[in-house]
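Chain by chain, the residues:
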Amino acid sequence: MLDKTYDPAAAETAIYRAWEAGGAFACGRRGNATPYTIVIPPPNVTGSLHMGHALNNTLQDILIRYRRMRGDDALWQPGTDHAGIATQMVVERQLAEKKIRRQDLGREGFVETVWKWKAESGGTIVNQLRRLGASCDWGRERFTMDDGLSLAVRKVFVDLYRDGLIYKDKRLVNWDCGLQTAISDLEVEAREIKGKLWHFKYPIEGAPEDFIVIATTRPETMLGDSGVAVHPEDERWRRLVGKRAVLPLVGRRIPIVADDYSDPTKGTGAVKITPAHDFNDFEVGKRHNLEQINVLEPSGRIGIAAPEAFRGLDRFEARKRVVAEMEALGLVAKVEDHVHVVPHGDRSGTPIEPFLTDQWYVDAKTLAREAIEAVEDGRTVFVPKQYENVYFEWMRNIQPWCVSRQLWWGHRIPAWYGPDGKAFVAMTEAEAAADAARHYGKPVALERDEDVLDTWFSSALWPFSTLGWPERTKELERYYPTDTLVTGFDIIFFWVARMMMMGLHFMKQVPFRTVYVHALVRDAKGQKMSKSKGNIVDPLDLIDKFGADALRFTLASQAAQGRDVKLAESRVEGNRNFVTKLWNASRFCEMNGCKPDMPMPEKSRLAVNRWIRGALARAAADCQAALDAYRFNEAANGLYQFTWGTFCDWYLEFIKPVLGGGNAAAKAETQAVAAAVLGDLLRLLHPFIPFVTEGLWQRLVYKSEGPLMLGAWPTHATPADDGAGAEMDWVVRLISAVRAARAEMNVPAAAKLNLRLRGADAATAARLAAHQEEILRLARLESAQVGEAPAEKGDMQIVLDGAVLILPLAGHVDLAKESARLAREIDKADGEIAKIDQKLGNQAFVAKAPEEVIEEQRERRAQAELARAKLREALARIAV
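Not measured: the values here are computed from a predicted model.

J.: How should I be thinking about the overall build of the protein in this particular structure?
T.: Within the protein, the secondary structure is distributed over 28 helices and 29 strands. Overall, the protein is about 110 × 65 × 55 Å in size when its C-alpha atoms are taken along their principal axes. Split into buried and exposed, the 880 residues of the protein put 53% on the buried side. Expressed as a percentage of contacts within the protein between residues at least 6 apart in sequence, the contacts between residues at least 24 apart total 77%. Element-wise, carbon and sulfur atoms account for 50% of the exposed surface of the protein, whose accessible area totals about 38600 Å².

J.: When you look at the sheet that holds strand 18 (residues 415-417) in this model, what are you seeing that I'm missing?
T.: Backbone-to-backbone hydrogen bonds join strands into a sheet, with any given pair of strands oriented parallel or antiparallel. The antiparallel open sheet is built from three strands, whose spatial order is 19-18-20. Every interior strand has two partners, whereas the edge strands, strand 19 (423-425) and strand 20 (447-448), have only one. Here strand 18 pairs with strand 20 via two bridges, running antiparallel. Each bridged residue has a counterpart across the sheet, and for Trp 416 the counterpart in strand 20 is Arg 448. Helix-sheet contacts for helix 11 (residues 429-440) involve strand 18 and strand 19, and the interaxial angle to strand 19 is about 135°.

J.: Please clarify how helix 25 (residues 772-779) should be interpreted in this entry.
T.: Within the sequence span of helix 25, burial applies to Glu 774, Ile 775, Leu 778 and Ala 779. Considered in projection along helix 25, the buried side chains sweep an arc of 100° and stay on one side of the axis. Structurally, helix 25 contributes buried residues whose contacts are with helix 20 (632-660), helix 23 (722-744), helix 24 (762-770) and strand 27 (781-786). Two residues or fewer after helix 25 comes Arg 780, characterised by a positive phi angle close to 55°.

J.: Explain unusual backbone geometry here, please?
T.: Trans is the common state for peptide bonds, and a negative phi is the common state for residues other than glycine. A cis amide bond links Val 383 to the next residue, Pro 384, at an omega of -5°. Mapping Pro 384 onto the fold places it in the loop between strand 15 (381-383) and helix 10 (387-395). With an omega of 0°, the peptide bond between Tyr 480 and Pro 481 qualifies as cis. For Asp 801, which is not glycine, the phi torsion reads 55° and is therefore positive. Following the sequence through the fold, Asp 801 ends up in the loop between strand 28 (795-800) and strand 29 (803-808). Overall, Asp 801 belongs to the partly exposed group, its relative accessible area being 48%.

J.: What is the right way to read the side chain of Thr 274 from this model?
T.: For Thr 274, the position within the fold is in the loop between strand 12 (270-273) and helix 7 (279-288). Relative accessible area serves as the criterion here: at 2%, Thr 274 is assigned to the buried category. A distance of 2.6 Å separates a polar atom in the side chain of Thr 274 from a polar atom in the side chain of Asp 225. Apart from residues no more than four positions distant in its own chain, Thr 274 is found in contact with Thr 221, Gly 224, Asp 225 and Asp 281.

J.: What's the story with the sheet that holds strand 5 (residues 166-176) in this structure? I'm lost.
T.: Reading across from one edge, 6-5-14-16 is the order of the four strands in this open sheet, with antiparallel pairing throughout. With partners counted over all chains shown, the strands left at the sheet margins are strand 6 (181-183) and strand 16 (401-402), one partner each. Here three bridges tie strand 5 to strand 6, and the two strands are oriented antiparallel to one another. For Trp 175, the partnering residue across the bridge sits in strand 6 and is Ala 182. Contacts from helix 7 reach strand 5 and strand 14 (352-362) within the one sheet, and its direction differs from that of strand 5 by about 140°.

J.: In this structure, what is going on with the nonpolar core? I would like to understand it.
T.: Formed by 206 residues in total, the largest nonpolar core has its most connected members in Phe 457 and Phe 647. With 14 residues, helix 20 is the largest single contributor of residues to this core. Once residues within four sequence positions are removed from consideration, Phe 457 is found in contact with Val 153, Val 156, Phe 157, Leu 160, Ile 166, Val 362, Trp 401, Val 403 and Met 502. In this structure, Tyr 202, Ile 212, Ile 214 and Cys 402 belong to the second largest nonpolar core, which totals 37 residues.

J.: I keep staring at the packing of helix 10 against helix 15 (residues 492-507) and nothing clicks. Help me out?
T.: The description of two helices packed together rests on the angle between their axes and the distance between the axes. Orientation of helix 10 relative to helix 15, taken along the N-to-C sense of each, is 80°, at an axis distance of 11 Å. Relative to helix 15, helix 10 is oriented roughly perpendicular. Contact with helix 10, carried on its side by Tyr 387, Val 390, Tyr 391, Trp 394 and Met 395, involves Ile 492, Phe 493, Ala 497, Arg 498, Met 500 and Met 501 of helix 15 and no other residues of that element. The residue inventory of the contact of helix 10 with helix 15, partitioned by class, reads 10 nonpolar, no polar and one charged.

J.: Can you help me understand the packing of aromatic side chains in this one?
T.: For the structure on display, the rule yields 36 aromatic pairs. Judged by centre distance (5.3 Å) and plane angle (75°), the rings of Trp 115 and Trp 409 are edge-to-face. A residue pair is termed long-range when its members are at least 10 positions apart, and Trp 115 in helix 4 (residues 102-121) and Trp 409 in the loop between strand 17 (404-405) and strand 18 qualify at 294 residues. Across the ring face of Phe 424, the terminal group of Lys 422 is positioned such that the distance to the ring centre comes to 5.6 Å.

Thresholds applied
- Residues numbered from 1 in each chain as written.
- Predicted model: local features only at pLDDT ≥ 70, side-chain atom pairs only at ≥ 80, totals over all residues.
- Heavy atoms only, no water.
- Helix = DSSP H or I, 4+ residues; strand = E, 2+ residues; numbered from the N terminus.
- Buried < 20%, exposed > 50% of the residue type's maximum accessible area, 1.4 Å probe, protein only.
- Contact = heavy atoms within 4.5 Å.
- Areas by Shrake-Rupley, 256 points an atom, 1.4 Å probe, with all protein chains shown as cover.
- Pairing = 2+ DSSP bridges.
- Axes fitted to C-alpha atoms, helices over the stretch in contact; angles between N-to-C directions.
- Arc of directions from axis to C-beta.
- Polar contact = N/O pair within 3.5 Å; in protein donor to acceptor, adjacent residues only side chain to side chain.
- Core = buried A, V, L, I, M, F, W, Y, C linked by side-chain atoms within 4.5 Å.
- Parallel < 35°, antiparallel > 145°, perpendicular 65-115°, else oblique.
- Nonpolar A, V, L, I, M, F, W, Y, C, P; charged D, E, K, R; others polar.
- Phe/Tyr/Trp six-rings, centres within 6.5 Å; stacked < 30°, edge-to-face > 60°.
- Lys NZ or Arg CZ within 6 Å of the ring centre and 35° of its normal.

Take it as geometry only, folks, not as evidence of what the structure does.
If you want it as structure tokens, here you go:
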């Protein structure tokens, strides 16, 4: 017998261990089946489960469990990312607590320390994914720096280099002065800063009394200026185009050029051009052949390219010195308070500098061509489709990809340098030495490149490297290309696009056929979660409190395409109640002899049984169609409505008298149907709430069929009985209408009303007679009969199809009091709607308010309108 209550904390761990011990997650069980593959977006080895992970992996698990039950040979390929910067920082912080610097250990010693940390602490997020219920094939788990993937990374780098698609160049990068490495755009966060805008006067060469005025938020970079740009049609400065300005503090003569980049409406209209310290200036400098002068050291201090007085100063100290000296020279036109966005390193927290340095680059423009075509011609499809535009926008304007990082932890670049600095790129040092000996005509000493590769380089190979490439393994042949990638929109550029480029170049096939892009998980008010706001919701806390199933179902039920998830704890609690409802319904079936081994009749005699079988078939078809279309919310909400409403609240209530009655044939039929419906319902719900469904499956004697997660997806060949469906639907609507009327008019629960149907045809009268007992019991009626007498004063009237339901309320309700209450509630709703309309009609409010606030107001208005409509309807129903 099932326990009276379900305890997820006790059940989930045991169920998961049984799955894993039994090899239930492994691919390859069905050799002749169609393969279906998902590769997990590898979480950082340093990471802990956050709500984004929870949503992403819940959706992946729903798909993989669904396809597994559909009979596919399903592989969910797991693994973790070495997370270069993040991991190096974690280990460096731990060493700092012991007063040790990584330099004290040396490179090899530090890398060895990181590997030890990974062995001891790197499995945290993998175990947390298990708690969520992720059914990955853990026996195939990979790590982006394991031997196989490291070999793949070296081969890709070498092959791209030999194909002319990797090269070394001096360009601007995002430079983190704290970490002293280049970082990707994804590792940069924008912070709004209250700063200053300084207007400096640059004297014109040969005309010391004439000036061109520029505005800057970074005065220290003027030491590297090599030009000034003005718009070609700016009347203020057109006369100076072609002349030179004298750069104050430095004395360098710099050209004044005409360029459309300068915006006459911003600042002074004249822009100082510092090609080595600004991305836009770099492009302007290339167009006008301006000198690239790097005045910063990697540490952020002023370097030797600047005047001696500034060398060695921290960049922010240099800023103060530059401003002071410009003021002393009388060359500060004005200073304004200025709020602007400054990029910061998301790890170090320090302001990022555009920095001119030698780095390794991938020719992304060439690789992007086929990756663009693959989406254009439908080989890979984005869901929702609008994200294709995001993909195209970036790919069609793609820049060279900087793949080198100045770190110790990561894939070291397979390049060695000869005595003259010539690079030899090879799979091994021995190969590089042989290449160098051929080049120089003798053996020479080589020095290996100190840099490592961008973490995104190795993860770009993930769909095929995890399957064994560069070896032509049987797994690679069977499971590549993969089927579905589930990811967030923020890494379409950094990961999805690069996997497309690498997959097409090395495998000659797209890496995945569908990219499903989910939205953000926000807090209950629609605010983005952040530490600074203090509104981060920890998924593990919710799992501890309500169980993994409740969290999973909440995320799935809100995962509408293109719409952010608003996560409120109350929703998770509500779905814990849903899990409990399913448990209680199963317990009711068990207590009433609804056993799964009972023979299911080919046809059911009772209308209620024909109805539930048809309703189940429709629910299953709708769920399957929704999952096939990646409409997770529709699938989850459809099953919720069927389970809680149709099955629990209606069907089980309808059949209670049958199960407790003396008609043996009717009872046996109903027991068999209820058991079969429950069994199929557990199958349908399993991808969403795997723990409770598996627990019920095992406890209700279904265990003879093996684990539910390896069971078959339900199929329903028997067509729905439309007649029974219409009949029971009418009964449900009648009872619901009476219940709603009682609630609206505050009829006491114990009061039994007399119902009269006026205008009922023969079919309606027959339905009323056939289901008299259920209607009286569930609607709390004294009687229900057909009659043509008109409504009297105080009667409530409800139209149902072609008949009018008449409920005499006199003696049960103070009609005057209830009418007055309804009128007050209508006035209150009117006031709420008017208040919201005033807000939404205020252009200033709409312009300033965040989109989520506007959306919340619209939702409140819709709810108020619905409530008002119901109140008006209730008032109109009372006969006067």
